[in-house]
Amino acid sequence: MSEPFVSPRPPWPSRAVDRVIGGLQRLGLGRDWLDPSLAISRARQRTGLHALGMPGHQERMDRLVESLEREASLTSLGRLTMRSFLEEATCNRLQLTEVLRRHPEIERIPVERPIFIVGWPRTGTTALHDLMSLDPALYAPCLWELRRPVPTGMRIDGEQRERRKLGDRAVVIGRRLAPGLTVAHPMHADMPDECQFLFDNDVFTALFIAFQADDYGRWMLSTDAAAFYRSYRQQLQVLLWSRPPGAARRLVLKWPFHLWHLSSLLEVFPDACVIQTHRALDRALPSLCNLTAIIQSAFNHRVDPLRIGAQWLPLSAEGIERGMAARQRVPVGARFYDMVHRRLVEEHVAEVERIYEALALSWPSGMAERIRRYLREQPRGHSGRHHYRMEWFGLRSEAIAERFGGYLRWSSDLDPGST
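Reading the values: the criteria
Residues numbered from 1 in each chain as written. Predicted model: local features only at pLDDT ≥ 70, side-chain atom pairs only at ≥ 80, totals over all residues. Heavy atoms only, no water. Helix = DSSP H or I, 4+ residues; strand = E, 2+ residues; numbered from the N terminus. Polar contact = N/O pair within 3.5 Å; in protein donor to acceptor, adjacent residues only side chain to side chain. Contact = heavy atoms within 4.5 Å. Salt bridge = Lys/Arg side-chain N within 4 Å of Asp/Glu carboxyl O. Buried < 20%, exposed > 50% of the residue type's maximum accessible area, 1.4 Å probe, protein only. Axes fitted to C-alpha atoms, helices over the stretch in contact; angles between N-to-C directions. Parallel < 35°, antiparallel > 145°, perpendicular 65-115°, else oblique. Left-handed = near helix turned anticlockwise from the far one by under 90°. Nonpolar A, V, L, I, M, F, W, Y, C, P; charged D, E, K, R; others polar. Core = buried A, V, L, I, M, F, W, Y, C linked by side-chain atoms within 4.5 Å. Pairing = 2+ DSSP bridges.

Visitor: Could you give an account of the side chain of Asp202, with specific residues and numbers?
Guide: When you line up the elements, Asp202 lands in the loop between helix H9 (196-200) and helix H10 (214-222). Only 2.8 Å separates the side chain of Asp202 from the side chain of Arg93, close enough to count as a polar contact. If we skip the residues at most four places from it in the chain, Asp202 touches Met54, His57, Arg60, Arg93, Phe228, Ser231 and Gln235.

Encoded structure:
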């Protein structure tokens, strides 16, 4: 008999906090937590700044909140978390506008041949990003930098320590809210992470998945993303501006949703180097669905595995199809490499070397040993086993093969029989 799906349950501290917050709401406190106007007002009060810079900030917040109120099953803790997100994103947006006003030279900083790791989630993007970050000639921004990209203390050491502390606090809270996330996607404040946090600051966010805001997600993935990538470039320039003299400046970045907006990425970064990751679909898709269930359990009363599967099957197919279409119009200066997950798992050093050769990167002295040492210290599965089954999410091999037929035919030459 097939093993049944068991919805992840938040740990008791999270449930206790949720009950306390719910009690306060019943007393009439916190009813305005998802009011975008108040979130902007609070952020302006906290920062002492007014100009948002990027047009449409509140409209995007309104769209997200409307989708949440209509579709999500947020717990009281989920509502509080979303309130914090809206306020923190607005604070970062205000500070970004101000630092660019004070230092217009930032926008003249070159972002030369950045490296982007794309591919849908659970295809080895994190593993590859971690390994490439071991190269001292590359700059992979850490989670604490991505969460607070603007050095409001103008690069004072104490202010940097405060930003690190905030990053540590976010990781601790995340582990307590969704302990299963540590197994599926380990996070640490001083480790590289997804550059999604920079897009969050413009409320162009993949958090719709965690918070069950499907309508917002459809808008986010269908809209013209060029303006958001220009803002993203500015934030990368701020990060480069705040680097100490002599530090590495060649960026290596990772976010699976770059695949959905690859045409916009290449428009804003025409000399980009892109690594697209690939993995057997009957492994990657249920793994992604289970990760989604783990995250949703931290913020929602109900987690429906069939809804998750029904969401990710067409969403992933659309991302891959849009990525394939964008690759037909690659700018002259861009370079691409297709990495198969199996090869990275079986031949870590050799596969990274192949990537370096394809992207015309210099292989640094001692890189192979750094990779081997990292893998000894962080062996596969060291955080636990990520367990999932395809049938939990209503997925069938036949449906996957039918929906992804074009991609499967195209990718079969990369590694026959594995994708």
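Visitor: Give me the lowdown on the pattern of salt bridges, citing residues and values where you can.
Guide: Close approach of charged atoms allows side chains of opposite charge to pair. The final tally for this structure, using the stated rule, is 24 salt bridges. Between Arg102 and Glu98 there is a salt bridge, with its nearest N and O atoms 3.0 Å apart. In this pair, Arg102 and Glu98 both sit in helix H4 (residues 76-102), 4 residues apart, roughly one turn of the helix. Each of the salt bridges in this network shares a partner with another, and the network as a whole consists of Arg42, Arg46, Glu87, Glu88 and Arg148.

Visitor: Mind laying out helix H5 (residues 125-132), listing which residues take part and the relevant values?
Guide: The buried count for H5 comes to 6 of 8 residues, which makes it a mostly enclosed element. Burial in H5 covers these residues: Thr125, Leu128, His129, Asp130, Leu131 and Met132.

Visitor: Describe the packing of helix H16 (residues 348-358) against helix H17 (residues 367-377), with residues and values.
Guide: Two numbers describe how H16 lies on H17: the axes approach to 10 Å, and their chain directions differ by 135°. By the angle class used here, H16 and H17 are oblique. The chirality of how H16 crosses H17 is right-handed. In this structure, H16 uses His348, Val349, Val352 and Tyr356 to contact H17, whose residues at the interface are Met367, Ala368, Ile371, Arg372 and Leu375. Class assignment for the residues of the contact of H16 with H17 results in 7 nonpolar, 1 polar and 1 charged.

Visitor: Give me the nonpolar core: which residues, what numbers.
Guide: Counting residues in hydrophobic clusters, the biggest one holds 91 residues, and the most contacted among them are Leu64, Leu86, Tyr229, Tyr232, Phe269 and Trp312. If you tally residues by element for this core, the top one is helix H11 (residues 226-241), at 8 residues. Contacts of Leu64, omitting those with residues within four sequence positions, involve Met82, Phe85, Leu86, Val203, Thr205, Ala213 and Tyr216.

Visitor: Can you lay out the sheet that holds strand S1 (residues 115-118) for me, pointing to particular residues and giving the numbers?
Guide: Reading across from one edge, S2-S3-S1-S4-S5 is the order of the 5 strands in this open sheet, with parallel pairing throughout. Only two strands of the sheet have a single partner each, and these edge strands are strand S2 (138-139) and strand S5 (335-340). Two elements, S1 and strand S4 (residues 273-278), share 4 bridges in a ladder whose sense is parallel. In the sheet register, Ile115 faces S4, and the bridge partner there is Cys273. Contacts between H11 and the sheet are confined to S1, S2 and strand S3 (250-254), with S3 contributing the most and set at about 130° to the helix.

Visitor: Account for the environment of Thr97, naming residues and giving values.
Guide: Inspection of the secondary structure assignment puts Thr97 in helix H4. Judged by relative accessible area, which is 17%, Thr97 ranks as buried. With 47 residues separating them along the chain, Thr97 and His50 place their C-alpha atoms 9.3 Å apart. Each residue touching Thr97, except ones within four places of it in the same chain, is listed here: Ala51, Leu52 and Gly53.

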